[in-house]
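A closer look at the structure
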Amino acid sequence: MDASHSFAREVIFLTKVALRSYALLPRQYDERKVLASTIDPLGRALWLICPDARFPSRWAGQDVPAPAHLPFDALVVISDQGAVREQPLHGVAVDPHAFDALPGGGFVVSGRGGPNARSGQIFGPDGRSRRRFPLGTHLKHLVADRRSGFWTGYADEGIYSDDRVSAGGIVRWDGRGNHVWALNPPAPYHHVAEISAINVSDSRVHATYWPGAPLVETGPSGVLRIRPIPVSDPFGLAIRSDQLLLLGGSERGIDTATRGDVVHNLRLTDDGAVVTGRENLVFPNGDPVRRYARPVSRGPHIFLRTLRTLRQWWVLTSP
């Protein structure tokens, strides 16, 4: 098979690649009251804490926190290379499940709600609420960029829910919460059922979606570049120049089911990608990484945390 073909394969050796420790919530904060956590565009670890959290349910053997009432005052703990500071958020009117820091010093928070509900909230640098607005339902990805605003990606339940925002698949917003752009790919890639992985670097986005295995690239102009790749449904995506790293997914002709512990290394070509290697993901001590929460992907990095704790962040970096 010619090496320039979209799905050409080179010799593959199965090895191991280890996560590195990235950030840790200091012990003086109650991990059980963390509602959401992320890695922001500046590489800082953020934890959103509800001081008056209650625990109405359990999942995976752990208590699930929720605000005792709405609105409430939250605390954002920010760890920047070990230096820790606090930022209060006043009047949080949604039950947060995702958030990020915005260019200019504010924050965006996503809550839960039915189709077209005002599930999004913008906060200014002073921690005061600026706006509530519809942010879509069944949101899977909320990732801010460093320059202009933030991006959201949705699960199939949201795309097919008659929610006018979620129907966009991938949506770009400015820093004030205004809807700027939605994904509308041309045939044969026009069917967007679910956003698998999304990577935001500065103001450029790379994403994969289902069905099939297209890799879409776009930026502030909204111009799309789409390439078919031989791995579908990855959980995380890292990119450095023409090197693509996919966490999890199913490789065409190799795997029959999606695996979360396999790292696929690819080289991008003009019309697709070439698989150059596969590795098993492990912790620094060599233990396999079996389960994890949805990753945050930024440039050459994929940030991970396990389902057992919101305290620890790990990182996997494209070579």
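Please refer to the structure placed before this passage.
Below is a summary of the structure that appears in this document.

Thresholds, definitions, all that
- Residues numbered from 1 in each chain as written.
- Predicted model: local features only at pLDDT ≥ 70, side-chain atom pairs only at ≥ 80, totals over all residues.
- Heavy atoms only, no water.
- Helix = DSSP H or I, 4+ residues; strand = E, 2+ residues; numbered from the N terminus.
- Rg over C-alpha atoms; globule rule 2.2 N^0.38 Å.
- Buried < 20%, exposed > 50% of the residue type's maximum accessible area, 1.4 Å probe, protein only.
- Contact = heavy atoms within 4.5 Å.
- Areas by Shrake-Rupley, 256 points an atom, 1.4 Å probe, with all protein chains shown as cover.
- Lys, Arg positive; Asp, Glu negative; His and termini not counted.
- Charge placed at Lys NZ, Arg CZ, Asp CG, Glu CD.
- Pairing = 2+ DSSP bridges.
- Axes fitted to C-alpha atoms, helices over the stretch in contact; angles between N-to-C directions.
- Polar contact = N/O pair within 3.5 Å; in protein donor to acceptor, adjacent residues only side chain to side chain.
- Phe/Tyr/Trp six-rings, centres within 6.5 Å; stacked < 30°, edge-to-face > 60°.
- Lys NZ or Arg CZ within 6 Å of the ring centre and 35° of its normal.
- 1 Å grid on protein atoms, 1.4 Å probe; cavity = no way out; pocket = protein on both sides within 12 Å on 5 of 7 lines; lining within 4 Å.
- Points joined across faces, edges and corners; volume = space filled by probe spheres on them.
- Nonpolar A, V, L, I, M, F, W, Y, C, P; charged D, E, K, R; others polar.

Along the protein chain, the regular secondary structure elements total 1 helix and 28 strands. The globule rule puts the C-alpha radius of gyration for 319 residues at 20 Å, and the 19 Å found for the protein chain is close to it. Structurally, the protein chain occupies a C-alpha span of about 60 × 45 × 35 Å along its principal axes. Residues classed as buried in the protein chain amount to 56% of the 319 residues present. The contacts in the protein chain between residues at least 6 apart in sequence include a share of 50% that link residues at least 24 apart. Split by element, the accessible area of the protein chain, about 14000 Å² in all, is 49% carbon and sulfur. Computed over 37 positive and 31 negative side-chain charges, the separation of the two mean positions in the protein chain equals 3 Å.

Turning our eyes to something else, we now look at the sheet that holds strand β12 (residues 129–133). Overall, antiparallel pairing links the 4 strands, which are arranged β9-β10-β11-β12 in an open sheet. Two strands in the sheet have a free side with no partner beyond their single neighbour: β9 (98–101) and β12. If you compare each strand with its neighbour and ignore which way they point, the axes differ by 15° on average. By the bridge criterion, 4 bridges tie β9 to strand β10 (residues 107–110) in an arrangement that is antiparallel. Its bridge partner lying in β10, A101 is registered against F107.

By the secondary structure assignment, S297 is in strand β26 (residues 296–298). Within the structure, S297 has its side chain in polar contact with the backbone nitrogen of L237 (distance 3.2 Å). Filtering out sequence-adjacent residues up to four positions away, S297 remains in contact with I198, N199, V200, G236, L237 and I302.

Now for the pairing of strand β24 (residues 259–268). Counting buried positions along β24 yields 8 of 10 residues, so the element is predominantly enclosed. As paired elements, strand β23 (residues 243–251) and β24 share 6 bridges and run antiparallel to each other. Bridge pairing in β24 places L246 opposite H264. When β24 meets strand β25 (residues 273–282), the two strands line up antiparallel, connected through 7 bridges.

This model, assessed by the stated rule, comprises 6 aromatic pairs. Considering the side-chain rings of F235 and Y292, the 6.1 Å spacing of their centres and the 85° angle between planes classify their relative orientation as edge-to-face. Residue F235 is found in the loop between β21 (231–232) and β22 (236–240), and its partner Y292 is found in the loop between β25 and β26; the two are separated by 57 residues along the sequence. Here Y292 falls in the buried class, since its relative accessible area comes to 14%. Among the aromatic residues, those joined into a ring-pair cluster are F133, F150 and W173. The aromatic ring of F55 is capped on one face by R32, whose charged end is 4.0 Å from the ring centroid.

If you walk through the whole model with that rule in mind, you get 1 cavity of 30 Å³ or more. Estimates place the volume of the largest cavity at around 30 Å³. Around the largest cavity sit I170, W181, L183, V205, V216, E217 and T218, which together line it. Of the residues contributing to the lining of the largest cavity, the split by class is 5 nonpolar, 1 polar and 1 charged.

Here the bond from L70 into P71 is cis, since omega is -5°, no more than 30 degrees from zero. Of note, P71 is situated in the loop between β6 (62–67) and β7 (72–80). For H138, which is not glycine, the phi dihedral falls at a positive 55°. Residue placement: H138 occurs in the loop between β12 and β13 (139–144). Judged by its relative accessible area of 44%, H138 is partly exposed. At S241, a position not held by glycine, the phi torsion is positive, near 60°. Among the secondary structure elements, S241 is positioned in the loop between β22 and β23.

With respect to the helices and strands, the residue Y209 is situated in strand β18 (residues 204–210). By relative accessible area, which is 2% here, Y209 ends up buried. On a C-alpha basis, the gap between Y209 and L268 in space is 17 Å, while along the polypeptide they are 59 residues apart. When residues no more than four places from it in sequence are discounted, the contact partners of Y209 are L183, P185, Y189, H191, V192, E194, I195, S196, P214, V216 and I226.

As far as function goes, none of this settles anything; it's purely spatial.
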